[in-house]
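# Survey of secondary and tertiary structure
Here is how the chains run, residue by residue.
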Amino acid sequence: MRLEKCWFCSSTVYPGHGIQFVRNDAKVFRFCRSKCHKNFKMKRNPRKVKWTKAYRCLHGKDMTQDSTFEFERKRNRPERYDRNVTEQTLKAIPLITKIRHERQKKHITNRQKQGKTKERERDAKELEQDIQMLPKKDAILSTQKTKVVVKVSQQQTEENLMEE
Amino acid sequence: MATRIQFENNCEIGVFSKLTNAYCLVAIGGSENFYSAFESELSDVIPVVKTSIGGTRIIGRLCVGNKNGLLLPHTTTDQELQHLRNCLPDQVVVQRIDERLSALGNCIACNDHVALTHPDLDKATEELIADVLGVEVFRQTIAGNILVGSYCAFTNRGGLVHPHTSIEDLDELSTLLQVPLVAGTVNRGSEVIAAGMTVNDWTAFCGSDTTATELSVIESVFKLREGQPAAIVDDMRKSLIDSYV
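Residues numbered from 1 in each chain as written. Chains lettered and ligands numbered in written order. Predicted model: local features only at pLDDT ≥ 70, side-chain atom pairs only at ≥ 80, totals over all residues. Heavy atoms only, no water.

## Concerning the overall build of chain A
- When helices and strands are counted, chain A shows five helices and four strands.
- For chain A, with 164 residues in total, the buried portion stands at 14%.
- For chain A, the share of sequence-separated contacts (at least 6 apart) that also reach a separation of at least 24 residues comes to 46%.
- Approximately 14,700 Å² of chain A is accessible, and the part contributed by carbon and sulfur atoms is 53%. (Helix = DSSP H or I, 4+ residues; strand = E, 2+ residues; numbered from the N terminus. Buried < 20%, exposed > 50% of the residue type's maximum accessible area, 1.4 Å probe, protein only. Contact = heavy atoms within 4.5 Å. Areas by Shrake-Rupley, 256 points an atom, 1.4 Å probe, with all protein chains shown as cover.)

Shown next, in the form of structure tokens:
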């Protein structure tokens, strides 16, 4: 039993799922579900279909090159069974997946950070250029930021009141 | 010396077993008779390993090997690969190859020094063969058949080829492989030599349908019979092969 990758979307195909198509040139195509199979039959290129891993990796949306991917490579020359090595490998596997997930999340947050700074720049520019668009009252309010306390002597105010 | 055996009432021994100078692979059969036949002859000299390839029993036609290595098709599962690696000695390199022609036993015939391959084999595979098996690779056909692995069986000491091989072809192959070759049959006239028998430098196993004449030809060409005068072999050749095509 081997967990294969779907040819179209690159998700894992578990036993009992999906369809395998063997072409006349002996190339095997594995699909995780009928959605991918139908897209393949329509001759769609996965590199152009937005929700596939192929598109996301090609357009830099997801992490492509990392040393954690090297652990999952298919190997054609096996090594003799060693109990200690197997034990170490089994212990290491969840650690490696955790690290890989962390790195993938980091990649996406880094990608989105640039968007945040650009947004702030755009907002500052808009404030500078389009301040006239706001109604006068709000415009004045926006310019008047600090309250200035003016001291008036008490006798003067009493006189004014008396006059009125 | 040559032994006659059957695999589940089938005389095509070469399909269900693979015999080399360093190991022997045997298919998992219903009864243990097949395995015992190999075990009784060979187990004190070389490891006899029961295996399957890609879940099938036709291991002799799917894999190819010699004392230096074993090549397996891409259909071999990871568990089978690991099992073979654990059971075979460390000098034998076990390698799985990605090749369109996955029945390697039908496409490649080899001994410890030379290999004959299917003319349509990939360049990368050819290099892998040269590397893993440590052999010189020649692309050839035998009597016009491209499946060289099935129509000839040869070891370091001799070889048996398809009965309709012409004398010129026989001489050419003989010089290429540097071993004496004879055109003959196995299993009562079956032309598919490698499917009907397996052989290494000191033993041979044939299907139970093999006639005594065929068996004696095999024993003489592979030099399994100790100290037989050559004259008898020549006489036999005349009686066995009536026409060269």
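Having seen the model, we can carry on.
## A word on a negative patch on the surface
- A cluster of acidic residues, Glu119(A), Asp123(A), Glu126(A) and Asp130(A), forms a negative patch on the protein surface.
- Counting through the fold element by element, Asp123(A) comes out in helix H3 (residues 83-129). (Patch = residues over 30% accessible without salt bridge, like charges linked within 9 Å, V, L, I, M, F, W, Y side chains within 5 Å. Salt bridge = Lys/Arg side-chain N within 4 Å of Asp/Glu carboxyl O. Lys, Arg positive; Asp, Glu negative; His and termini not counted. Charge placed at Lys NZ, Arg CZ, Asp CG, Glu CD.)

## Points about the pairing of strand S4 (residues 48-51) of chain B
All names here are of chain B.
- Judged from the four bridges that link them, strand S3 (residues 24-27) and S4 form a sheet pairing that is parallel. Looking across to S4, one finds that Val-26 is bridged to Lys-50.
- Note on the crossover from S3 through helix H2 (residues 33-42) to S4: the handedness is right-handed. (Pairing = 2+ DSSP bridges. Right-handed = clockwise from strand over helix to strand, strands pointing away.)

## Some remarks on the interface of chain B and chain A
- Contacts between the two partners involve 17 residues from chain B and, on the opposite side, 12 residues from chain A.
- The contact between chain B and chain A buries some 1,300 Å² in all, and 36% of this surface belongs to carbon and sulfur atoms.
- Seen at the junction of chain B and chain A, the total is two salt bridges.
- Of the charged contacts in the structure, one is a salt bridge between Asp78(B) and Arg2(A), with a shortest N-O distance of 2.5 Å.
- Viewed at the interface, chain A and chain B are joined by nine residue pairs in polar contact (both at pLDDT 80 or more).
- Ranked by residue count, the leading element in the side of chain B that touches chain A is helix H4 (residues 78-87) of chain B, at six residues.
- Per-class residue counts for the side of chain B that touches chain A are six nonpolar, four polar and seven charged. (Buried area = accessible area lost by both parts, 1.4 Å probe. Polar contact = N/O pair within 3.5 Å; in protein donor to acceptor, adjacent residues only side chain to side chain. Nonpolar A, V, L, I, M, F, W, Y, C, P; charged D, E, K, R; others polar.)

## What about a nonpolar patch on the surface?
- A cluster of nonpolar side chains, contributed by Met1(A), Leu3(A) and Tyr14(A), occupies part of the molecular surface with about 360 Å² of accessible area.
- In this structure Tyr14(A) comes out as partly exposed when scored by relative accessible area, which is 47%.

## A word on the UniProt feature "domain: TRASH" (unreviewed entry) in chain A
- Look at the UniProt record and you will see "domain: TRASH" (unreviewed entry) annotated at residues 6-44 of chain A.
- Annotated as residues 6-44 of chain A, this span is 21% helix and 26% strand, and its ends, taken at the C-alpha atoms, are 14 Å apart. (UniProt positions renumbered as here; feature names shortened; annotations may be inferred.)

## A short note on the sheet that holds strand S12 (residues 159-161) of chain B
Residue and element names in this part refer to chain B.
- The strand order across the open sheet formed by three strands is S11-S12-S13, and the pairing between neighbours is mixed. Every interior strand has two partners, whereas the edge strands, strand S11 (152-154) and strand S13 (181-183), have only one. With direction set aside, neighbouring strand axes in the sheet form an average angle of 15 degrees.
- Against the sheet, helix H8 (residues 167-177) touches S11, S12 and S13, its axis set at about 150 degrees to S13. (Axes fitted to C-alpha atoms, helices over the stretch in contact; angles between N-to-C directions.)

## Observations concerning the nonpolar core
- Grouped together as the largest cluster of nonpolar side chains are 33 residues, with contacts concentrated most on Leu25(B), Phe38(B), Leu70(B) and Leu88(B).
- Looking at which element gives the most residues to this core, the answer is H2(B), with five residues. (Core = buried A, V, L, I, M, F, W, Y, C linked by side-chain atoms within 4.5 Å.)

## Considering the pattern of salt bridges
Residues and elements named next belong to chain B.
- Inspection of every chain in the model, using the stated rule, returns 15 salt bridges over all chains.
- In this structure, the salt-bridge partner of Glu-32 is Lys-50, at a minimum N-O distance of 2.7 Å. One end of the pair, Glu-32, is in the loop between S3 and H2; the other, Lys-50, is in strand S4, and 18 residues separate them in sequence.
- Judged by its relative accessible area of 41%, Glu-32 is partly exposed.
- Across the pair Arg-85 and Asp-90 runs a salt bridge, and its minimum N-O distance is 4.0 Å.

## Some details on the confidence of the model for chain B
- Averaged over every residue, the pLDDT of chain B is 91; residues scoring 70 or more account for 92%.
- Listed scores for the predicted complex are pTM 0.83 and ipTM 0.78. (pLDDT = per-residue confidence, 0-100.)

## Regarding the environment of Ser216(B)
- Mapped onto the fold, Ser216(B) is located in helix H10 (residues 212-221).
- A sequence separation of 197 residues divides Ser216(B) from Leu19(B), and the C-alpha atoms of the two residues are 20 Å apart.

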